[in-house]
Every structure is written in C-alpha cells, then in structure tokens.
Amino acid sequence: MADERKEIISATDVHLFYGRNEALKGITMDFRENEITALIGPSGCGKSTFLRTLNRMNDLIPSVTITGTVMLHDKNIYAPSTDTVALRKEVGMVFQQPNPFPFSIYDNVIYGLRLAGVRDRRILDEAVETSLRQAAIWDTVKDKLSESALSLSGGQQQRVCIARVLAVKPDVILLDEPTSALDPISSGQIENMLLELKDEYTIILVTHNMQQASRISDRTAFFLQGDLIEYADTRTIFLNPKEKETEDYISGRFG
Amino acid sequence: MDSKKWDKIATGVLYFIAGVMILILAFLLIFILWNGLPHVSWHFLTSPAKSFQSGGGIGIQLFNSFYLLILSMLISIPISIGAGIYLSEYAKKNWLTNLVRTSIDILSSLPSIVVGLFGFLVFSISAGLGFSILSGALALTVFNLPLLTRNVEESLRSISGSQREAGLALGLSKWETVLKIIIPEALPGIITGMILGAGRVFGEAAALIYTAGQSAPPLDFTNWNPFYIASPLNPLRPAETLAVHIWKINSEGIMPDASQVSAGASAVLIIAVLIFNFGARYVGNHIYRKMTGTK
Ligand SMILES: Nc1ncnc2c1ncn2[C@@H]1O[C@H](COP(=O)(O)OP(=O)(O)OP(=O)(O)O)[C@@H](O)[C@H]1O
Ligand SMILES: [Mg+2]
C-alpha cells in the first residue's frame, strides 16, 4: 500500500466542547497527502464537528472551546499566530447544502481570486475554465457563465461550489456530506470527480453513504459519540474491521 | 361546524376587509388627483407662492422639499448603514446591544410632532440653528434613522448563514465577507427601504413645522453660493416644504385660491410619494436581477 505517502495534517488529542457538552473526546489521527479519507459514523457522533476543526470554522461559534493540536505542514493551526484567513485558503470546504452566491456562475468561481486582487481578465477566464473543468461541469455551463448560479440544479450548484473552492487552489479540501442532497447520478459524477482530483489535492470527506466511502476513499475513520473508534485502510475497515462497533455499524446493525 | 365551511367564511371575511382597504385607498387617490390635477401646471410647479393674491405656485416649496430630502438622506444613509452592519454582523448578544435595539424601536415609534418639538428645542434653539434647512434635515434624520437602521439590519440578517460560512470558508476575512457577499446580496432590500424612507421623509410635515419653519422666502436661482442668504443651497435659511405648505394653507391661508393651491399641492405630493413607492420596487428588482444575473 501507499504507506510511504507524506502526512499533511495530523491532529493530536483534539477535544471540543460546545459549552459543557464534549463533542470530541480526544481525537488523534492524521491525513496523508493525495489520499481520500472518509469519516463515517452515526448521526451526532461528531464528524462534522471534527471536519470543521480542520479549518477552524468552529471558531465562529462563540460557546466552543478546543484543546489539542492540529498540525498542517508541521505548523499548529491552533497556535495564536495562525492567520485563519490564510488557513482557510489552504484548507477549502464544501458544505452539505450547495451554497452558491446568488451571482453569476463566473463570479461565483472567481470570487476568491478577485478578492485576492487578481484583475487580469485573461487569468480570471483561465481560472474559471480550469476550475469548472476540474469540477466536471465546464461543458454544461460554458455557454451560460453569466447566468445566475441559482438557476442550476442542486448537483450542478454543488459542482460550482467545488469549482469555487478549487479556484483558490487549496491543498486540502474538506467535504461535509457533499452528495447527500443529490440524486444518485449527480452523486456518481461528483465521486468520479473526487477520484480525479485526488492526484492534486488531499480530500477529507464526511459521508453517510457506505458505498461512497468504500468506492472512493483510501482510508476510513469510524467515529462514535465523539470518539475515534477505528481508523485504517478502507478495505480493512469494510472487510475486516477489528472493533465490534465498526462491524455493527457497517453491516447496518445500528446507527 | 366542519372546518371547510369555517375556512370559506374566514376567507370571505378577509377578502372583504382587503377589498374595503383597496377601495378606501383608491377613493382617496382619485379624490385627491381629481381635485388637484386641474390646478397643476408648469407655472404652478415653478412659480413662488403668493400670500394675498391668487395665482401663486409651489416652486420654492417643491425645491425645498427635495433639498431637505437630499440633505437628510445624506446624513442618515451612511449612519444607518454603519449602524445596521454593526447590529447585524458584529454586535454581541448582551444587555447593551439589547438596549440599543430597544431604544431604536422606541425612537422609531415616536410621533413625528414630538420629534419636531425635540428638534426645535435642540437644533433650532440650543444649537442656534434657528428655523433652517439644517434644523429640518437633522429632525428628519432623527425621525427616519431608526427605521432605516432597522431596515439595513433586517436586510442583512435575512441573508442565510450559509452564505457567511461560504465566504469565510473561501478564505475571506469577516469584513470582506460582509462587504463583498452579504451587503451585495442584501442591497436590493436596503435600497428599497431607503427609497421608501425617502418617500416618508418627503411627505413629512409635523417634524418640520418648528424646525425648517413655515416660511419660504424668495430664492435667487441665479446664485448657488451656499453662503449667500437667498441662495437655494443656503442650509441656514428657513424653508417651508410642500407638506408644510399644505398644512399651512389649510389652517391659515388667506389667498383667494387657497383651496385650489392646496388641492394642487396635495396632488403633486401624492404623485411624488407614489413615484417613490413604485420606484422602490422597480429599482430593488432591477438591482437584484443585475447582481444575480437572473433574467
Ligand atoms: N453549534 C452547535 N452547538 C451546540 N452543539 C452542537 C453544535 N453543533 C453540533 N453540536 C453537537 O455536537 C455533537 C456532534 O455533532 P456533529 O454535527 O459533529 O455530528 P455529525 O456526526 O456531523 O452528525 P450528522 O451525521 O447528523 O451530520 C452533537 O451531539 C450535536 O448535538
Ligand atoms: Mg454532520
């Protein structure tokens, strides 16, 4: 297996409290470059919460306290000196509900770039095309780039949202159940797209869909009530899990 | 009785009430326009008022109304946008911001005559501005600012949290997210609110009687130096507006054609307010379509 791959993120003993309620109870795990890692587990076990600790989106909730370290490229993102704005450019995020801006498709994709000060029309045009191609939606939208992103279907909107993240050129992409609002065909297209993207990006994916996890991820982590129960190669998790809870969950006996 | 029947009765009653409201509004509009429009002419719109003879116009009052409107909007738009952004995006939930919100709500429900008397005491007397456009504009700001601020706040608040998350997750700072995503998305609502506010200000009389004053000294439309006493732009001259003029003619007008002048002025005022209202819709929709690229 690809064990020699470099680790890009390593989380050590991450605890997270919503007020007094401990939602993450000491998570230690790392993520390898150019792999797809799937986070699975029953509802409320803390998958989204953990994903959002990786780009510090939980900071926005006032009652949250976090302890532990998360190293990205050997730098602790929870160090006081961290610039969260720069961090989120390196670690992009795609949400469960497609959330395009109510502007044109073109503007959606280049929003990040334009705000970063890029004005050259040629560079912007090129970024739009590349990102939309990577998100496998260029052919569908190339003739209507000036139309509102809201006029697209949910699956198309989600791919525009992915293109919008790609345009910022992050190293890591976090996806929180990106296909749960989509039909099987759109989901399949997004899965194929993720497989293509992993050559250039590190992808961390929360999913409730076992087929999705087993089909596209390299490694899978099983969460339960704020604990990381088991983390291994996807094949091992699905065919030969060590823990009883993992086996029960995967075979659909609870959760 | 079964619920279907009740449903029918309730719907019928609601239709009836709505119908009565529309009829009253239509009657008012037609009455005012029918009586007033025959007296409206280019001469009426442009010539100064006369106190003792017939044939006076409303030119100066009309100009005063617009000038006052522009001045007060110039003051209140930036403040309301700043305050609205603060309240919606930055204010923490605590007793202080609650107090601010409650004060704004109380302020916005003050009767305008009270605002007028307050303006008289503070701006005209204490600050020494006298009966002047500036006193009037400040009183109108007190009158209008709370509603504008609330409008900005509500418009921003109505933008879903997922848009803020999207911006931040893209690596925008909080301020960039507010400025480049949330405000543009809320802009149609904000502008609609501003134009409606402008209409409210344009038709306001009570807040102006003791602040901008009840006299309209002749203006010299050839001298636009704001420091010249008869200059149209001089902010320290008294300035009776159209709404105040209507009130004044009806209470103490002694020109022979007082009722015609009043009817004509009312028609002009109503038309202006209607333009503001329809304009608000049109501009709001137009901007929304332009921003979002929807056709
Ligand atoms: N904003 C919040 N404030 C307080 N508690 C929260 C908040 N968000 C999540 N929680 C709590 O933290 C725990 C973990 O939630 P989280 O959303 O991470 O679960 P999840 O695994 O993503 O579930 P799902 O599969 O349903 O999305 C839950 O018990 C939840 O009630
Ligand atoms: Mg979740």
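Calculation rules
Residues numbered from 1 in each chain as written. Chains lettered and ligands numbered in written order. Predicted model: local features only at pLDDT ≥ 70, side-chain atom pairs only at ≥ 80, totals over all residues. Heavy atoms only, no water. Near = heavy atom within 4 Å. Polar contact = N/O pair within 3.5 Å; in protein donor to acceptor, adjacent residues only side chain to side chain. Areas by Shrake-Rupley, 256 points an atom, 1.4 Å probe, with all protein chains shown as cover. Helix = DSSP H or I, 4+ residues; strand = E, 2+ residues; numbered from the N terminus. Nonpolar A, V, L, I, M, F, W, Y, C, P; charged D, E, K, R; others polar. Buried < 20%, exposed > 50% of the residue type's maximum accessible area, 1.4 Å probe, protein only. Pairing = 2+ DSSP bridges. Salt bridge = Lys/Arg side-chain N within 4 Å of Asp/Glu carboxyl O. 1 Å grid on protein atoms, 1.4 Å probe; cavity = no way out; pocket = protein on both sides within 12 Å on 5 of 7 lines; lining within 4 Å. Points joined across faces, edges and corners; volume = space filled by probe spheres on them.

**Some points on the site of ligand 1**
Residues and elements named next belong to chain A.
- The environment of ligand 1 is made up of Tyr18, Ala23, Ser43, Gly44, Cys45, Gly46, Lys47, Ser48, Thr49, Ile61, Glu177 and His208.
- Within the side chain of Ser43, a nitrogen or oxygen atom sits 2.4 Å from an oxygen atom of ligand 1.
- Contacts to ligand 1 include Lys47, whose side-chain N or O atom sits 2.7 Å from an oxygen atom.
- Relative to its unbound accessible surface of 630 Å², ligand 1 loses 62% to contact with the protein.
- Among the elements that make up the shell around ligand 1, the one with the highest residue count is helix 1 (residues 47-53) (three residues).
- In terms of residue class, the shell around ligand 1 is built from four nonpolar, six polar and two charged.

**Observations regarding the pairing of strand 7 (residues 172-176) of chain A**
Residue and element names in this part refer to chain A.
- Most of strand 7 sits inside the fold, with five of its five residues counted as buried.
- Of the two faces of strand 7, the one holding Val172, Leu174 and Asp176 and the one holding Ile173 and Leu175 are both buried throughout.
- Bridge count for strand 6 (residues 91-94) against strand 7 is four bridges, and the pairing is parallel. If you follow Met93 over to strand 7, its bridge partner there is Leu174.
- Note: strand 7 against strand 8 (residues 202-206), five bridges, orientation parallel. The residue bridging Leu174 from the neighbouring strand is Ile204, located in strand 8.

**Overview of the pattern of salt bridges**
Residue and element names in this part refer to chain A.
- By the definition in use, this model includes 18 salt bridges over all chains.
- Among the salt bridges present, the one from Arg133 reaches Glu129, with a minimum N-O distance of 2.7 Å. Within this pair, Arg133 and its partner Glu129 are both found in helix 4 (residues 121-134), separated by four residues, close to a single helical turn.
- On the basis of relative accessibility, which here comes to 47%, the residue Arg133 falls in the partly exposed class.

**Looking at the layout of surface pockets**
- Of the pockets and cavities examined, the largest pocket occupies roughly 760 Å³.
- Contributing to the lining of the largest pocket are 25 residues, with Leu60 of chain A together with Ser88, Glu89, Arg164 and Lys174 of chain B lying nearest its centre.
- For the lining of the largest pocket, the elements supplying multiple residues, two or more each, are helix 3 (59-90), helix 4 (95-108), helix 7 (161-169) and helix 8 (174-202) of chain B.
- Looking at the lining of the largest pocket, its residues break down into 11 nonpolar, five polar and nine charged.
- Of the pockets and cavities examined, the second largest pocket occupies roughly 350 Å³.
- Lining the second largest pocket are 19 residues, with Ala49, Lys50, Ser51, His245 and Lys248 of chain B sitting closest to its centre.
- Contributing elements (two or more residues each) for the lining of the second largest pocket: helix 3 and helix 10 (242-252) of chain B.
- Top contributing element to the lining of the second largest pocket by residue count: helix 10 of chain B, with four residues.
- Here the lining of the second largest pocket is composed, by residue class, of nine nonpolar, six polar and four charged.

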